[in-house]
Amino acid sequence: MFDRRLVVNFDWVLLLTVLFLAGVGIVNLYSATASWHSATPIYMKQVLWLAGGVMIALTICLFDYRHLEHFAVHSYIVSAGLLVFVLTLGKTTMGATRWIDLGFFNLQPSEVIKIAIILLFSRIFSQTASFLGYGFLELWKPFLWLLFPVVLILKQPDLGTATMVVFIALTMLLFAGLKRGTMVLLCFIGLLTAVAGWFGLHDYQRARIRTFLNPEADPLGSGYHIIQSKIAVGSGGFWGTGFLHGTQSQLSFLPERHTDFAFSVFAEEWGFSGCFVLLFVYLFLIVWGLYVARRAADRFGMFLAIGVTAMIFWHIVVNLGMVIGLLPVVGVPLPLFSYGGTSMVTTMIGVGLLMNVSMRRFMF
Amino acid sequence: MGLDVKWIELPAVQRRFLFYSAAATLVFMLLLLRLWYLQVIHYEELQERSVRNRTRVLSLEAPRGPIYDRHGTLLVDNRPSFQISVMRQEVENRSLLFQNLSDLLEIETQELENRWKAGQGFPIYRPVPLATDVSWDAMEKVQEHGVDLPGILTEVRPIRDYLDQGSTAHLIGYLGEITEDELARKNFAQYRAGDFIGKTALERNYEDYLRGHKGKRLVEVDVQGKLLRQLQVESSRPGNKIFLTLDRELQQVTDEAFGDQSGAAVAMNVHTGEILAIASRPTFNPALFAKGIGSKEWRELAHDKRHPLQNKVIAGQYPPGSTFKMVVALAALRDGIATQKRIIDCKGDFEVGGSRYRCWKKDGHGPTDLKKALRESCDVWFYQVGLELGIDKLSQAAKEFGLGAIVGYPLPGERAGVIPSQEWKRKNYNKPWYAGETVIASIGQGFVLATPMQLAVMTAALANNGKVLKPQVIQKIEDWDGNVLLESEPEVVRQIDYDPKAWKAVRDGLIAVVNEPRGTGHAARLDHITVAGKTGTSQVVRRKSDEEEEEEKAGEVPYRFRPHALFVAYAPAENPEIAVAVVVEHGQSGGRAAGPVAKKIIERYMELKTP
């Protein structure tokens, strides 16, 4: 199992990049929660989550990822089962039923399904992709595989995560190749779904979109987050207000600043220059992920890498977009940055898979 | 699976990597562009906004719903009060601040420290109250010396105002600060620390109706915390209006009639069960609790031997004494044991199983029929009849009238009283029932216990031909637009079945009690209307022997051993409308102490009726 080649080809670049991002995230959390008092400070908890996550990632590196191809369908079925389970017996908080209470921690099946979909689609695409590209009718199987969990997630309701799953799947699909006509058709269907979706959305979700377009209309209610975030980000200026000196954060005007809006805290305190560096490192992570995909020893590994990279990419883009006012607030965390065990673990599972593919690129 | 070199080396596929990388870079550049837009282009504007923009969402307290009597007379309202609070993050030198404040307001610095600590759980931007309900002068002083008191602000808060100063304290209840345990509960999700909620009785059970809807103020303050401008206001909505069935005039009369005595009184509408007056004495002033009661005052109230905090109307369990005789009479009539005409010779005592039981009239009443037995409250007549009836039949009849179980008073705290039976004795004492116990139960003593509320319901049932009614305290609840949210309807718990002749016989007896010369209840007699009623004198301790009684006659019986005085009544006898039950603790004579209270209530009731 511990082939010397594995150790030689261990992907230090990836690990260090991830640790750097997570480290900056922890420092940022320290500032974001500086005015809070609790038995264990938030940033300390995040350190523990990170440590746990790294353990998980390293554990995932221990076995040959090709074994996962066998278990792709199993993992999908288990995850889908958990999604059904959570709808019937899950914990309901604030109108959404997303978690299963396992006592010492809460399991969020919608996170698990992200990984399961990546595994499953990697298996499907690696086995059936051809240079001709997929025709529309050939997609019925993956479509159904995708539809089932997405519908369940929407029922929770969790629009943000549902969107993430769809984007990840589409990214992988696009990479696998589509016939031109099919691509046009899919775009068209996408448009129709968006329109139909508008009518299917819950009131509060529609309200969110309206608020996004005009946050000043409801500064006390739904517009509050967006307005505060923009102010925080903008008042960072070029050089930032300085560590622990962001007034919007320290005086608690920025809500959710340890989770969804953690980046706003960073932007306020480190300014454009800090954001530039951070975004650069995130972009580096994405491009490196694609590089791992390109070097992968087989198609399955390649698609795994694409899927994981897509997952990280879309989370970054949607969260950042939300924070700077380009997208409506949908509650998607920034990987490695937002506080949260669930997000950290899911991301690190992805990173683990990526490292796994990367270090076995010469194995066969 | 496996190596598919051909596909992956296709230039088309290789291009995709490049394409994806380029696309990702493009997206990130868009994000950076947007960041540039916010952080460089609009920097000044947003920076200014952040400095000026210490927006605070301040909660606007909603006035609690007012409580009225049935005619719309205000009983409980809110009044504005001044509260001195502190914005914690603006305090740099706390000891100096508290010193200054202490001098101005004449409050101990320790007290201020305690309040500061109590507000630890508040979010940082929420002011912590340091002094509540301060005087106008104090408020002015604080305003004048604003410069010396950085971080201190004056808030205007509504505070509960009890216009009747405690007359209805047991019915309405009082408020208190919400506790941590309560905050954790689901139904208190809308509340924050420092809120006052109903803790007892009406204020508590109807909290949802009475609590208004908090408003919000979005305000802009500058670096020094001064209000720059108000951005938006969502006004608060006051709580709903509750109209009680109570009649304030009758309630006032009850207060006057009681004077300093302890006890309980309740007046009820005979057909609907609506409670027109309800008084438990001594009472307390709920205003003590409205701004947070001190522990010393609380202890005093809790340890007062006359139990001012207890609602004696529903929770005071007394032996009903002779007021119970109406049930015995009815049961005997139904069972055929007695008719109206049955004569029993009362010689002053009665022997059963080797024990002697005496009539209150030492020498006896002589030959006595039902009417005389009720009128003059002859114990021996009832001993005899009760014994023949047997405790179980008696028990059943009493329970039909609602005794021995809670009658359904809509607010918490009701006690059930006790109606013994053979089974009851076995269950509770593991002993058989003795005939002597039936005897004393027949005059409402021994194990028998009832609350004044039960006695009122019982009396009303006698007056309205057997409808046992559920007591109603709320007439209706309205919102401020005039919409009726709740309206009470009379509820008949049970319909008791007796022959009309039986009802009449007992009623005639009760009319005689008040209106005929030898009636024990002549103190309640009124000129213009016929009052029907029954006196009761219930022993607090067992009847003493002759010797002990002689001894005590020499000196006064200590207060706590004096018997309770009871009186139940309804009027007008021909067409009853109102039923009353009065207990004067340790009043000694039902007729002399409790009768006049009932009389005054009924009198006033009739006065109010004539326009």
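Fair warning: this is a prediction, and the values are worked out from it, not measured in the lab. (Residues numbered from 1 in each chain as written. Chains lettered and ligands numbered in written order. Predicted model: local features only at pLDDT ≥ 70, side-chain atom pairs only at ≥ 80, totals over all residues.)

## Some remarks on the overall build of chain A
Now for step 1: Helices and strands together make up the secondary structure of chain A, namely 14 helices and 3 strands.
Now for step 2: Counting over 364 residues, chain A shows a buried share of 49%.
Now for step 3: Long-range contacts, defined here as pairs at least 24 residues apart, represent 72% of the contacts in chain A between residues at least 6 apart. (Helix = DSSP H or I, 4+ residues; strand = E, 2+ residues; numbered from the N terminus. Buried ≥ 20, exposed ≤ 12 C-beta atoms within 10 Å, placed from the backbone. Contact = placed C-beta atoms within 7 Å.)

## With respect to the overall build of chain B
Now for step 1: A count of helical and extended segments in chain B gives 24 helices and 23 strands.
Now for step 2: Buried residues in chain B amount to 43% of all 611 residues.
Now for step 3: Partitioning the intrachain contacts of chain B with sequence separation of at least 6 by distance along the chain shows that 73% fall at a separation of at least 24.

## Re the environment of B:Asp345
Now for step 1: Within the secondary structure, B:Asp345 is located in strand β13 (residues 344-346).
Now for step 2: Sequence-distant contacts of B:Asp345, defined by excluding residues within four places in its chain, comprise B:Gly366 and B:Pro367.

## Some words on the sheet that holds strand β22 (residues 564-571) of chain B
Residues and elements named next belong to chain B.
Now for step 1: If you trace the 5 strands from one edge of the open sheet to the other, you get β12-β11-β23-β22-β21, paired in antiparallel fashion. The sheet is open, and its two borders are formed by β12 (275-281) and β21 (532-538), each paired with just one other strand. Strand after strand, the sheet turns through a mean of 5 degrees between neighbouring axes, direction not considered.
Now for step 2: Pairing geometry for strand β11 (residues 263-269) and β12, over 6 bridges, is antiparallel. Across the sheet, the residue bridging to alanine 267 is alanine 277, located in β12. (Pairing = 2+ DSSP bridges. Axes fitted to C-alpha atoms, helices over the stretch in contact; angles between N-to-C directions.)

## Digging into helix α2 (residues 11-41) of chain B
Now for step 1: The terminal C-alpha atoms of α2(B), which comprises 31 residues, lie 42 Å apart, in line with the 45 Å expected from a rise of 1.5 Å per residue.
Now for step 2: All of the buried residues along α2(B) are B:Arg16, B:Tyr20, B:Ala24, B:Phe28, B:Leu31, B:Leu35, B:Leu38 and B:Gln39. (Expected span 1.5 Å × (residues − 1).)

## Quick word on unusual backbone geometry
All names here are of chain B.
Now for step 1: The omega torsion of the bond from arginine 281 to proline 282 falls at 0 degrees, within 30 degrees of zero and hence cis.
Now for step 2: Take proline 282: it is sitting in the loop between β12 and α12 (287-290).
Now for step 3: In this model, alanine 571 is joined to proline 572 through a cis peptide bond whose omega is -20 degrees.
Now for step 4: Here proline 572 shows up in the loop between β22 and β23 (578-584).
Now for step 5: Backbone geometry at serine 377 places phi at a positive 55 degrees, although glycine is not the residue there.

## Examining the nonpolar core
Residues and elements named next belong to chain B.
Now for step 1: Ranked by internal contacts, the top residues of the largest apolar core, which has 132 residues, are Val266, Ala569, Val580, Val582 and Ile601.
Now for step 2: With 9 residues, the single largest contributor to this core is helix α21 (residues 452-463).
Now for step 3: Built from parts of two domains, this core gets at least three residues from each of domain 1 (56-244) and domain 2 (248-282 + 306-609).
Now for step 4: Aside from chain neighbours lying at most four places away, what touches valine 266 is Ile275, Ala277, Ile278, Val313, Pro452, Met453, Ala456 and Ala581. (Core = buried A, V, L, I, M, F, W, Y, C linked by C-beta atoms within 7 Å. Domains from an automatic or database assignment.)

## A short note on the packing of helix α5 (residues 109-128) of chain A against helix α7 (residues 159-176) of chain A
Residue and element names in this part refer to chain A.
Now for step 1: Where α5 contacts α7, the two axes come as close as 10 Å, and the packing angle between them is 15 degrees. The orientation of α5 with respect to α7, classified from their angle, is roughly parallel. At the point where α5 passes α7, the crossing takes the right-handed sense. Contacts between α5 and α7 involve Ser110, Ile113, Lys114, Ile117, Ile118, Phe121 and Phe125 from the former and Thr161, Met164, Val165, Ile168, Ala169, Met172 and Ala176 from the latter.
Now for step 2: Class assignment of the residues belonging to the contact of α5 with α7 gives a composition of 11 nonpolar, 2 polar and 1 charged. (Parallel < 35°, antiparallel > 145°, perpendicular 65-115°, else oblique. Left-handed = near helix turned anticlockwise from the far one by under 90°. Nonpolar A, V, L, I, M, F, W, Y, C, P; charged D, E, K, R; others polar.)

## Notes on the pairing of β21(B)
Residue and element names in this part refer to chain B.
Now for step 1: With 7 of 7 residues buried, β21 lies mostly within the body of the structure.
Now for step 2: Residues Ala532, Lys534, Gly536 and Ser538 of β21 are buried on one face, and the alternating residues Gly533, Thr535 and Thr537, pointing to the opposite face, are buried as well.
Now for step 3: By the bridge criterion, 7 bridges tie β21 to β22 in an arrangement that is antiparallel. Bridge pairing in β22 places threonine 535 opposite phenylalanine 567.

## Examining the confidence of the model for chain B
Now for step 1: Averaged over all residues, the pLDDT of chain B is 87; the fraction at 70 or higher stands at 92%.
Now for step 2: Confidence metrics for the complex model read pTM 0.60 and ipTM 0.90. (pLDDT = per-residue confidence, 0-100.)

## Details of the packing of helix α11 (residues 248-258) of chain B against helix α24 (residues 590-609) of chain B
Residues and elements named next belong to chain B.
Now for step 1: As a packed pair, α11 and α24 sit with axes 9 Å apart at the nearest point and diverge in direction by 155 degrees. Classed by the angle they form, the pair α11 and α24 counts as roughly antiparallel. Crossing of α11 against α24: the hand is right-handed. Every residue of α24 that contacts α11 at Glu249, Leu250, Val253, Thr254, Ala257 and Phe258 is listed here: Pro596, Val597, Lys600, Ile601, Arg604, Tyr605 and Leu608.
Now for step 2: Residue classes in the contact of α11 with α24 are distributed as 9 nonpolar, 1 polar and 3 charged.

## With respect to the pairing of strand β19 (residues 484-487) of chain B
Residues and elements named next belong to chain B.
Now for step 1: Alignment of strand β18 (residues 474-478) against β19, held across 3 bridges, turns out to be antiparallel. Pairing of glutamate 478 across the sheet is with valine 484, part of β19.
Now for step 2: The hairpin turn running from β18 into β19, its antiparallel successor, is 5 residues long, and glycine 482 in that turn takes a positive phi close to 90 degrees.

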